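Observations on the three-dimensional arrangement
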Amino acid sequence: MILIFRNFKMILSKVRATNIFCLFLLNITATVAQAPKPLMHYKIDLLTIVNDKVYVQLETPKQDKEVIDFLFPRIVPGIYGTMHFAENVNNLKAYDASGRALEVERPEPHRFRIRNADELAQIRYHVDDGWDEFDEKYREGFYRSAESSFHFDSFAVINHNSLIGYFEGQSNLPVQLDVYRPGDWYGATTLHRGKSTYNMDVFRADSYRELVDNPILYTRPDTVWLHIGETDVCVAAFSNTGQKLARGIANNIEPLLRNQAAYLGGKLPVDAYCFMMYHALGSPNSYSGDGLEHATSTLCLLQCPLDSGAVGDFVYGLASHEFFHIVTPLNIHSENIQEYDFVQPTMSRHLWLYEGMTEYATIHMPVWQGMDDGFRSFLQKIADKLQQMSKFDDALPLEKLSLEAMERQDQYYNVYLKGTFVCLLLDLELRQRSHGKYGTRDLMRDLSARYGPDKPFVDADLYQVIADMTYPEIREFFSRYVEGSERLPLEEALLKAGIVVDSQKFNVSLVRNPTPEQAQLRKWWINQ
Ligand SMILES: [Zn+2]
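Residues numbered from 1 in each chain as written. Predicted model: local features only at pLDDT ≥ 70, side-chain atom pairs only at ≥ 80, totals over all residues. Heavy atoms only, no water.

**So, the coordination of the zinc ion**
Keep this limit in mind: In this analysis a donor is any N, O or S atom within 2.8 Å of a metal ion (3.2 Å for sodium, potassium and calcium), and since water is not included, sites may seem incomplete. Each residue's exposure class comes from its accessible area (1.4 Å probe, protein chains only) as a fraction of the maximum for that residue type: buried when under 20%, exposed when over 50%, partly exposed otherwise.
Coordination of the zinc ion by the protein involves His-321 (NE2), His-325 (NE2) and Glu-355 (OE), with metal-donor separations of 2.0 to 2.1 Å. Mapped onto the polypeptide sequence, the residues donating to the zinc ion form the spacing pattern H-x3-H-x29-E. Like His-321, the residue His-325 is buried in the burial classification.

Here it is as structure tokens:
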């Protein structure tokens with residue numbers, strides 16, 4: 001077991017708020033004079049948080065249009081409802097290089113229209129936080145883990161989509177983000193780091209999408225690093241009780257992460273991963289959580305009593321699914337995700353893959369790896385998912401649910417149930433046809449090699465691509481069970497592996513005396 005504690009220099013900030021504003025202004029003049037290559041250069045000031053409002057400043061790249069629209073997202077990847085992040089943006093002003101104010105209108109809540117944009121040099125505004133306290137209050141369609149929250153003396157959860165905007169049509173511009181923060185705070189994130197000073201961090205992203213995909217948790221360091229395969233995994237935590245939680249969480253999830261890495265072939269497809277955990281003390285027996293997965297990090301908000309066992313269990317459950325997202329959608333995703341539209345996204349038809357395959361790996365890994373209790377709990381998970389799936393509309397094809405995920409939130413959870421079973425059936429089908437040599441693990445590895453983080457697939461082509469990579473008959477499998485709504489043949493398929501499914505009683509058990517064929521397929525499929 002390798003646990004590495006990073007030692008952070010704790011240098012208390014002595015810079016006063018007024019100095020920061022001056023610093024910002026001086027920098028702008030210098031940057032504009034040098035006419036750098038197009039770059040969205042943002043500054044966030046966590047040193048002068050007043051009434052939970054943060055000051056943000058953007059030095060804009062040269063614009064050649066008369067009129068330009070500066071937008072804030074209405075939605076981000078991973079959530080399926082509009083959230084209007086711009087509603088917390090106040091007092092947005094635009095300036096030319098000499099500091100003269102330019103005309104700004106707000107034709108829509110998320111859209112700021114700037115005139116004489118060819119003279120634009122700088123935008124400044126304040127942003128209020130999206131939530132103050134993590135409490136039990138539930139607001140339909142409000143995803144806390146996609147919002148930001150900051151307290152001047154203790155922490156900042158930064159989801160860039162709620163603090164930072166982009167010019168319409170220019171979300172592919174590279175971004176530099178300078179965060180001014182107290183000297184004893186550390187920002188846990190998987191954003192690329194530039195040079196930091198005692199009270200300022202510099203981060204870089206290749207695009208707005210990449211920036212949004214890498215949130216930051218700022219607080220006094222409670223950070224543990226694990227080295228898994230060749231990947232540095234950071235566990236960073238904040239608790240409003242003042243307790244340190246990161247070490248307990250890291251101890252709890254380390255065996256899981258090691259097994260996940262082994263399942264994926266030993267080497268993970270990312271250099272770094274970060275679990276960011278915010279904990280707020282809740283009333284006794286009150287537990288709630290809110291998490292959002294990203295390509296190389298997971299942000300988790302938890303409200304519960306200070307009980308290290310409960311926090312550990314919660315993160316374990318979360319990590320067992322979220323960590324597998326490093327395979328898909330990070331390395332295997334469609335063009336609709338690569339060119340994500342933060343105002344009106346076009347949904348991909350492949351939630352069966354992004355969520356279904358991720359969840360399938362989550363339940364398949366422990367049994368494949370021979371983890372304690374893996375086989376029994378695998379069968380139990382199948383039974384539980386069968387029972388849960390019975391509450392959803394089986395006539396709704398998974399592809400349709402995926403394309404209409406925003407409108408079909410009532411059915412959305414079925415991607416973790418029916419989506420998982422489609423992948424289970426696909427795995428069994430591939431194992432059977434290949435005499436044990438090829439399964440979904442191999443398929444995901446081959447798809448990752450063929451595509452990757454920067455090379456999306458064409459959304460409409462993926463079924464045929466998979467059939468071409470495996471067996472022609474697999475195209476029909478997708479027609480029937482993903483594009484179509486044919487009932488999944490779970491009983492028949494699992495019986496071939498010596499497992500009896502009672503879909504009425506949601507009971508899953510082993511055949512008492514399996515035939516050699518049943519035993520062989522089961523061995524190929526789940527190593528049991
Ligand atoms: Zn997921």
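**Brief notes about the nonpolar core**
Spelled out, the test is: The criterion is simple. A nonpolar core is a set of buried Ala, Val, Leu, Ile, Met, Phe, Trp, Tyr and Cys residues joined through side-chain atoms within 4.5 Å. Secondary structure elements follow DSSP: runs of H or I of four or more residues count as helices, runs of E of two or more count as strands, with numbering from the N terminus. Here, two residues are considered to be in contact whenever any of their heavy atoms come within 4.5 Å of each other.
Within the largest apolar cluster, 99 residues are counted, with the highest numbers of intra-cluster contacts made by Trp-352, Leu-424 and Trp-525. With 11 residues, helix 7 (residues 351-368) is the single largest residue contributor to this core. Not counting the four nearest positions on each side in its chain, Trp-352 is found in contact with Met-357, Leu-398, Gly-419, Val-422, Cys-423, Leu-426, Leu-462, Tyr-463, Ile-466, Phe-478 and Val-482. Judged by nonpolar contacts, the second largest core, of 72 residues, contains Ala-94, Leu-211, Tyr-278 and Leu-299.

**Regarding the pairing of strand 16 (residues 200-205)**
Using the following cut-off: Pairing between strands is defined by DSSP: at least two bridges between them are needed.
Counting buried positions along strand 16 gives 5 out of 6 residues, so the element sits mostly inside the fold. Of the strand pairs in this sheet, strand 13 (residues 175-180) and strand 16 are connected by 6 bridges, and their pairing is antiparallel. Directly across from Gln-176, in strand 16, lies its bridge partner Arg-204. Inspection of the sheet shows strand 15 (residues 192-193) paired to strand 16 by 2 bridges, in the antiparallel sense. Across the sheet, residue His-192 finds its bridge partner in strand 16, namely Arg-204. Counting the residues that bridge the hairpin from strand 15 to strand 16 gives 6 residues.

**What to know about the pattern of salt bridges**
Inclusion rule: The working definition used for a salt bridge is a side-chain nitrogen of Lys or Arg within 4 Å of a carboxyl oxygen of Asp or Glu.
A full pass over the atoms with the stated rule returns 29 salt bridges. One salt bridge in this structure joins Glu-404 and Lys-400, with 3.0 Å as the shortest N-O distance. Judged by relative accessible area, which is 38%, Lys-400 ranks as partly exposed. Glu-483 is the salt-bridge partner of Arg-475, the closest N and O atoms lying 2.9 Å from each other. Accessibility expressed as a relative area gives 23% for Arg-475, which makes it partly exposed. Taking the relative accessible area as the measure of exposure, Glu-483 reaches 28% and is therefore partly exposed. Three or more residues are tied together by salt bridges with common partners; here these are Asp-69, Glu-108, Arg-111, Arg-113 and Glu-168.

**Remarks on the packing of helix 7 against helix 11 (residues 440-450)**
Inclusion rule: To get an axis, a line is fitted to the C-alpha atoms, and for a helix only the part in contact is used. The angle between two axes follows their N-to-C directions and goes from 0 to 180 degrees. Reported orientations rely on four angle classes, namely roughly parallel under 35 degrees, roughly antiparallel over 145, roughly perpendicular from 65 to 115, and oblique for the rest. Crossings are sorted by hand: turned counterclockwise from the far helix by less than a right angle, the near helix makes the crossing left-handed, and turned clockwise it makes it right-handed. Throughout this entry, Asp, Glu, Lys and Arg are counted as charged residues, while Ala, Val, Leu, Ile, Met, Phe, Trp, Tyr, Cys and Pro are counted as nonpolar. The remaining residues, Gly among them, count as polar.
Running from N to C, helix 7 and helix 11 point in directions that differ by 130°, and their axes come no closer than 11 Å. It follows that helix 7 is oblique to helix 11 by the angle criterion. When the axes of helix 7 and helix 11 are compared, the crossing they make is left-handed. The residues of helix 11 that touch helix 7, namely those facing Leu-353, Met-357, Tyr-360 and Trp-368, are Thr-440, Arg-441 and Met-444. When its residues are assigned to classes, the contact of helix 7 with helix 11 shows 5 nonpolar, 1 polar and 1 charged.

**Re helix 7**
Convention followed: Here the expected length of a helix is defined as 1.5 Å per residue gap, with one fewer gap than residues. One axis is fitted to the seven residues ending at the residue and one to the seven starting there. The bend at that residue is the angle between these axes.
For helix 7, spanning 18 residues, the distance from its first C-alpha to its last is 24 Å, which sits close to the expected 26 Å at 1.5 Å a residue. Its maximal kink placed at Met-357, helix 7 deviates by approximately 25°. Counting buried positions along helix 7 gives 18 out of 18 residues, so the element sits mostly inside the fold.

**What about helix 8 (residues 374-389)?**
Taking 1.5 Å of rise per residue, the 16 residues of helix 8 would be expected to cover 22 Å, and the 22 Å separating its terminal C-alpha atoms lies within 8% of that figure. Every buried residue of helix 8 is listed here: Gly-374, Phe-375, Ser-377, Phe-378, Leu-379, Ile-382, Ala-383, Lys-385, Leu-386 and Met-389. At its buried positions, helix 8 is contacted by helix 7, helix 10 (418-433), helix 14 (490-495), strand 23 (499-502), strand 24 (507-510) and helix 15 (516-526).

**Details of the sheet that holds strand 4 (residues 67-71)**
Neighbouring strands of a sheet are bound in pairs by backbone hydrogen bonds; such pairs are parallel or else antiparallel. The sheet built from 4 strands is open, its strands ordered 7-8-4-12 with antiparallel pairing. Looking along the sheet, the strands with just one partner apiece sit at the ends: strand 7 (104-108) and strand 12 (166-167).

**Here's the deal with empty space enclosed by the protein**
Over the atoms, a rolling probe the size of a water molecule traces out where space has been left empty. Condition: Whether a set of points on the 1 Å grid over the protein atoms alone is a cavity depends on a 1.4 Å probe fitting there but being unable to get out, while an open set qualifies as a pocket with protein on both sides within 12 Å along at least five of seven lines; lining residues are those with an atom within 4 Å of a point. Grid points are joined across faces, edges and corners, and a volume is the space filled by probe spheres set on the points.
Evaluation of the coordinates by the stated rule reveals 1 cavity of 30 Å³ or more. Here the largest cavity is characterised by a volume of approximately 50 Å³. In terms of lining residues, the largest cavity is bounded by Val-235, Ala-236, Ile-249, Phe-275, Met-276, Met-277, Thr-298, Cys-300, Val-315 and Leu-318. Those elements that provide at least two residues to the lining of the largest cavity are strand 19 (231-239), strand 20 (272-281), strand 22 (297-304) and helix 5 (308-322). Broken down by element, the residue count for the lining of the largest cavity peaks at 3 residues, all from strand 20.

**What about the environment of Gln-122?**
For the record, the criterion: Polar contact is the term for a pair of N or O atoms within 3.5 Å; when the atoms are in protein, one must be able to donate a hydrogen and the other to accept it, and sequence-neighboring residues count only if both atoms are side-chain atoms.
Take Gln-122: it is sitting in strand 9 (residues 120-128). Given the relative accessible area of 3%, Gln-122 is considered buried. As a C-alpha pair, Gln-122 and Gly-374 span 252 residues in sequence and 57 Å in three-dimensional space. Engagement of the side chain of Gln-122 in a polar contact is seen with the side chain of Arg-124, the distance being 2.4 Å.

**A look at the state of the cysteines**
Put simply, the rule reads: We call a pair of cysteine sulfur atoms a disulfide when they lie within 2.5 Å.
Within this structure, the stated rule accounts for 0 disulfides. Cys-274 takes part in no disulfide bond, and the closest cysteine sulfur to it belongs to Cys-234, at a distance of 3.6 Å. Not engaged in a disulfide, the cysteine Cys-304 finds its nearest cysteine sulfur in Cys-300; these two sulfurs lie 9.2 Å apart.

**Regarding the sheet that holds strand 2 (residues 40-50)**
Pairing within the open sheet is mixed, and its 8 strands lie in the order 6-5-9-3-2-13-16-15. Two strands close off the open sheet at either side, each with one partner strand: strand 6 (101-102) and strand 15. Relative to strand 3 (residues 53-59), strand 2 is paired through 6 bridges, and the arrangement is antiparallel. Residue pairing for strand 3: Val-50 is matched across the bridge by Lys-53.

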